[in-house]
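# Summary of the model geometry
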Amino acid sequence: MEYKKSKKADLENKKNLFLEIGFVVALGLVLLAFEWSTSPEKVEGFQQENEEDIVQEDVPITRQKKEKEPPPPPPQSTDVLNIVDDDVEIEDELRLEETEADENTEVSIDAFAQEEEEEEEEEQIFVVVEDMPQFKGGGINAFRKYVQENIEYPTVAAENGIEGTVFIKFVVDTDGDISSVTVMRGVDPALNEEAKSAIRGAPKWEPGQQRGEPVKVQFTIPIVFKLQ
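About the cut-offs
Residues numbered from 1 in each chain as written. Predicted model: local features only at pLDDT ≥ 70, side-chain atom pairs only at ≥ 80, totals over all residues. Heavy atoms only, no water. UniProt positions renumbered as here; feature names shortened; annotations may be inferred. Helix = DSSP H or I, 4+ residues; strand = E, 2+ residues; numbered from the N terminus. Buried < 20%, exposed > 50% of the residue type's maximum accessible area, 1.4 Å probe, protein only. Contact = heavy atoms within 4.5 Å. Areas by Shrake-Rupley, 256 points an atom, 1.4 Å probe, with all protein chains shown as cover. Expected span 1.5 Å × (residues − 1). Arc of directions from axis to C-beta. Phe/Tyr/Trp six-rings, centres within 6.5 Å; stacked < 30°, edge-to-face > 60°. Pairing = 2+ DSSP bridges.

The name an unreviewed UniProt entry assigns to the protein is Energy transducer TonB, from the organism candidate division MSBL1 archaeon SCGC-AAA382M17. Per UniProt, the protein carries the Sequence similarities (unreviewed entry) text "Belongs to the TonB family." UniProt's Subcellular location (unreviewed entry) comment on the protein is quoted here verbatim: "Cell inner membrane".

### Quick notes on the overall build of the protein
If you tally the helices and strands in the protein, you get four helices and five strands. Starting at the N terminus and walking to the C terminus, you meet the elements of the protein as α-β-α-α-β-β-α-β-β. Counting every position in the protein, which comprises 228 residues, the buried fraction comes to 16%. Within the protein, contacts between residues at least 6 apart in sequence are counted, and of these 75% link residues at least 24 apart. Of the accessible surface of the protein, which amounts to about 22,400 Å², a share of 49% is contributed by carbon and sulfur atoms.

### A word on the UniProt feature "transmembrane region" (unreviewed entry) in the protein
When the UniProt feature table is mapped onto this chain, "transmembrane region" (unreviewed entry) is found at residues 16–34. Across residues 16–34 one finds 100% helix and 0% strand; the C-alpha atoms that close the span lie 28 Å apart.

### A short note on helix 2 (residues 139–150)
The end-to-end C-alpha distance of helix 2, which contains twelve residues, comes to 17 Å, matching closely the 16 Å that a straight helix rising 1.5 Å per residue would cover. Residues Gly139, Phe143, Tyr146 and Val147 constitute the buried set of helix 2. Along the axis of helix 2, the buried positions cluster into a sector of 95°, meaning they face one direction only. Away from its buried face, by an angle of more than 90 degrees, helix 2 presents the exposed residues Asn141, Lys145 and Glu149. Where helix 2 is buried, its residues contact strand 2 (164–172), strand 3 (178–185), helix 4 (189–200) and strand 5 (213–225).

### Examining the packing of aromatic side chains
Counted by the stated rule, this structure contains ten aromatic pairs. Relative to phenylalanine 170, the ring of phenylalanine 143 lies with its centre 5.3 Å away and its plane at 50°, an arrangement referred to as tilted. Of the two residues, phenylalanine 143 sits in helix 2 while phenylalanine 170 sits in strand 2, which places them 27 residues apart along the sequence. On the basis of relative accessible area, phenylalanine 143 is assigned to the buried category, the value being 0%. Residue classification places phenylalanine 170 among the buried residues on the basis of a relative accessible area of 0%. Residues phenylalanine 143 and tryptophan 205 carry aromatic rings whose centres are separated by 4.9 Å and whose planes lie at 55° to one another, so their mutual orientation is tilted. Highlighted residues: phenylalanine 143 in helix 2 and tryptophan 205 in the loop between helix 4 and strand 4 (208–210), separated in sequence by 62 residues. Like tryptophan 205, phenylalanine 143 is buried. Taken together through their ring pairs, the aromatic side chains of Phe135, Phe143, Tyr146, Phe170, Trp205 and Phe219 make up a single cluster.

### Focus on the pairing of strand 3
Inspection of the sheet shows strand 2 paired to strand 3 by five bridges, in the antiparallel sense. Bridged to valine 172 within strand 3 is isoleucine 178. Once strand 2 ends, the chain turns through five residues before running back antiparallel as strand 3, passing glycine 176 with a positive phi of about 95°.

### Looking at the pairing of strand 5
The sheet contact formed by strand 1 (residues 125–126) and strand 5 spans two bridges and is parallel. Across the sheet, the residue bridging to phenylalanine 126 is valine 217, located in strand 5. Strand direction decides the pairing type here: strand 2 and strand 5, joined by nine bridges, are antiparallel. Residue pairing for strand 5: phenylalanine 167 is matched across the bridge by proline 222. Where strand 4 and strand 5 come together, three bridges link them in antiparallel fashion. Its bridge partner being in strand 5, glycine 208 is matched across the sheet by valine 215. Once strand 4 ends, the chain turns through two residues before running back antiparallel as strand 5, passing arginine 211 with a positive phi of about 60°.

Right under this line is the structure:
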């Protein structure tokens, strides 16, 4: 026997109605939750301080006192005291001799003789002057050519194949003679000595002049030694 439901007892027909009622109730609860407000509980024993109530304490500035160093002790005297008995006679007595001196007494003072040293002023040596020294009318170039033509190659240096350039410095004096011949930069002792000898044996120059007066003039020339 089959049971049949009546249309009134069938809840499927009222499904939509219950759904709408549920939406309305839920919406009401949401609105009620938004409108609900709570007040904060009072906390006893806590007092809020205003900025005006806070008093800032001034911290005093302290400076470290420097201790003064004690002064150094006074120097101790090193006098030696000799303790003697009362019966000992002291011979060290200060005796003042009387001198007979009056207004007519003459006092002689011995003066020290001072020896005056005469300093010879060295003549100034120039490098460039108004009128340069001349060698056979050609100056330093003519002198360099003369040295190269009249110099002899040392046998010892030639046998050992020694070559190079020797730089010689010399001075043309006020009378035209050559002096102060020195090697500025050498190569070999034999070549250096030959270069110096060639310059010392050269004839006189016409001295240089500065403001119309003959003066000393210094030159530096290279002398080339080369084997052929």
